[in-house]
Amino acid sequence: MITSPEVRTLIQSHRSIRRFEDKPVPQQVIDDLVESARWAPSSHNVQAYSIICIRNQSTKDKLQELCGNQRYIGQCPVFFVFVMDFYRHAVISEQNGSAFEVEEIENLLVGSVDTALAAENFLLAARSYGLGGVMIGGIRNEAAEVAKLLKLPKWTVPVMGMCIGYPDQQPWQKPRMVKQAVYHEEYYQTDELESQLAEYEQISADYYTKRTNGKRTDGWGKQMSAYFAKKRRANLTDFIKRQGFPLK
Ligand SMILES: Cc1cc2nc3c(=O)[nH]c(=O)nc-3n(C[C@H](O)[C@H](O)[C@H](O)COP(=O)(O)O)c2cc1C
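Each chain carries its own residue numbering, running from 1 in the written order of its sequence. Residue-level local features of this predicted model are given only where pLDDT is at least 70; pairs of side-chain atoms are given and counted only at 80 or more, and the full residue set underlies all totals for whole chains, interfaces and linings. The basis for every side-chain value is the complete set of heavy atoms in the structure, and neither hydrogens nor water enter the calculation.

### Side note on the environment of Asp206
Piece 1. For the purposes of this entry, the term helix denotes a DSSP run of H or I that reaches at least four residues, the term strand denotes a run of E that reaches at least two, and both are numbered from the N terminus. Within the element layout of this structure, Asp206 appears in helix H9 (residues 193-211).
Piece 2. Buried residues are those whose accessible area, probed at 1.4 Å on protein chains only, stays under 20% of the maximum for their type, while exposed residues exceed 50% and partly exposed ones sit between those limits. A relative accessible area of 34% means that Asp206 is categorised as partly exposed.

Here it is in structure tokens:
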């Protein structure tokens, strides 16, 4: 049995890294990150993900543009795209002469959970090498263009990107929602929610105020209200349908 308090320290010291040293990441390190991703648990062992490693500068630049011009995509030494992937399952079903039923939302959940678990294993392993990174949901902004650029086959969907490199910044840790609001014993409890939200509003507003020297003062609640006031990535559903998931 392996016990290691260092693993907990690693997990609990997480912060996203968005600025990197101009230093390449050795291939054997990347191979080991992929190995860590491969050992993530998987729903029904479907292993419905693939990882694409991108070092080519012009591909990174193009992806930066497609992800809403997030400059750290072009700047990081290596960028990864984590793809929900049922292509292998389609191939094997055809080989076995079986039906291939993927029209339920269930499959999208299974695939995106598998992909996310692999991605988090990958990021944690990267941090164990002194690397840092940030996940990039912006990869879904222009999913069809990303699919064309990366030659993604049918039954695949890019779920997230990930910038990886040696950190050239030490950002503060972003405070999380107060524990009592996300952790429930025996049943879901809402009695204290208002005061918990108010507490987190204060904590998060203080954090942003200090981090930005007063340029940004809104807390988590205000940010979330603005975020959910708009529809997001409305063209994604059509793309997912075109990729072979009929979605009833
Ligand atoms: C699936 C996923 C997608 C994300 N997409 C982006 C992104 O496109 N751009 C970005 O700058 N950060 C992105 N992030 C990072 C989050 O903004 C970040 O994790 C969150 O604000 C908490 O900050 P922390 O990771 O530093 O603790 C993403 C995180 C996740 C988990």
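### Considerations on the nonpolar core
Piece 1. Nonpolar cores were defined as sets of buried Ala, Val, Leu, Ile, Met, Phe, Trp, Tyr and Cys residues, with membership established by side-chain atoms within 4.5 Å. Membership of the largest hydrophobic core comes to 55 residues, with the highest contact counts inside it found for Leu63, Phe79, Cys163, Ile164 and Phe245.
Piece 2. The contacts of Leu63, once residues within four sequence positions are left out, are Ile54, Ile73, Phe79, Val81, Ile139, Val146 and Leu149. What makes two residues a contact is simply this: any of their non-hydrogen atoms within 4.5 Å.

### Overview of the domain arrangement of the protein
Piece 1. For each domain, the first and last residues come from an automatic or database assignment. Here the domain parsing of the protein yields domain 1 (10-171) and domain 2 (179-226).
Piece 2. Using only C-alpha atoms to locate each centre, domain 1 and domain 2 end up separated by 29 Å.

### A look at the site of the ligand
Piece 1. Near the ligand lie 13 residues; those nearest to it are His14, Ser16, Gln70, Tyr72 and Gly137.
Piece 2. We call two N or O atoms a polar contact when they sit within 3.5 Å, provided that within protein one can donate a hydrogen and the other can accept it, with sequence-adjacent residues counted only if both atoms are side-chain atoms. One of the backbone N or O atoms of Met135 is found 3.1 Å from a nitrogen atom in the ligand.
Piece 3. Lys174 is positioned such that a nitrogen or oxygen atom in its side chain is 2.7 Å from an oxygen atom of the ligand.
Piece 4. Computed with the Shrake-Rupley method and a 1.4 Å probe, the accessible areas treat only the protein chains shown as cover for residues. If the ligand stood free it would expose 620 Å²; the protein chains cover 68% of that surface.
Piece 5. Cavity: a set of points on a 1 Å grid over the protein atoms alone where a 1.4 Å probe fits but cannot get out. Pocket: an open set with protein on both sides within 12 Å along at least five of seven lines, its lining residues, like those of a cavity, having an atom within 4 Å of a point. Those molecules having more than half of their atoms within 2 Å of a cavity or pocket grid point set are described as sitting in that cavity or pocket. Among the detected pockets, the ligand sits in the largest pocket.
Piece 6. Among the elements that take part in the shell around the ligand, strand E3 (residues 132-136) stands out by supplying three residues, more than any other.
Piece 7. Gly is put with the polar residues, along with every residue not named as nonpolar or charged; the nonpolar set is Ala, Val, Leu, Ile, Met, Phe, Trp, Tyr, Cys and Pro, and the charged set is Asp, Glu, Lys and Arg. Among the residues making up the shell around the ligand, the classes are represented as four nonpolar, five polar and four charged. One heavy atom within 4 Å of a molecule or strand is enough for the residue carrying it to be called near that molecule or strand.

### Quick notes on the pairing of strand E2 (residues 78-85)
Piece 1. The buried count for E2 comes to eight of eight residues, which makes it a mostly enclosed element.
Piece 2. Burial along E2 is two-sided: Val78, Phe80, Phe82 and Met84 facing one way and Phe79, Val81, Val83 and Asp85 facing the other are all buried.
Piece 3. As defined by bridge partners, strand E1 (residues 49-54) adjoins E2 across six bridges and the pair is classed as antiparallel. Looking at the pairing, Cys53 lines up with Phe80 of E2. At least two DSSP bridges between two strands are required for those strands to pair.

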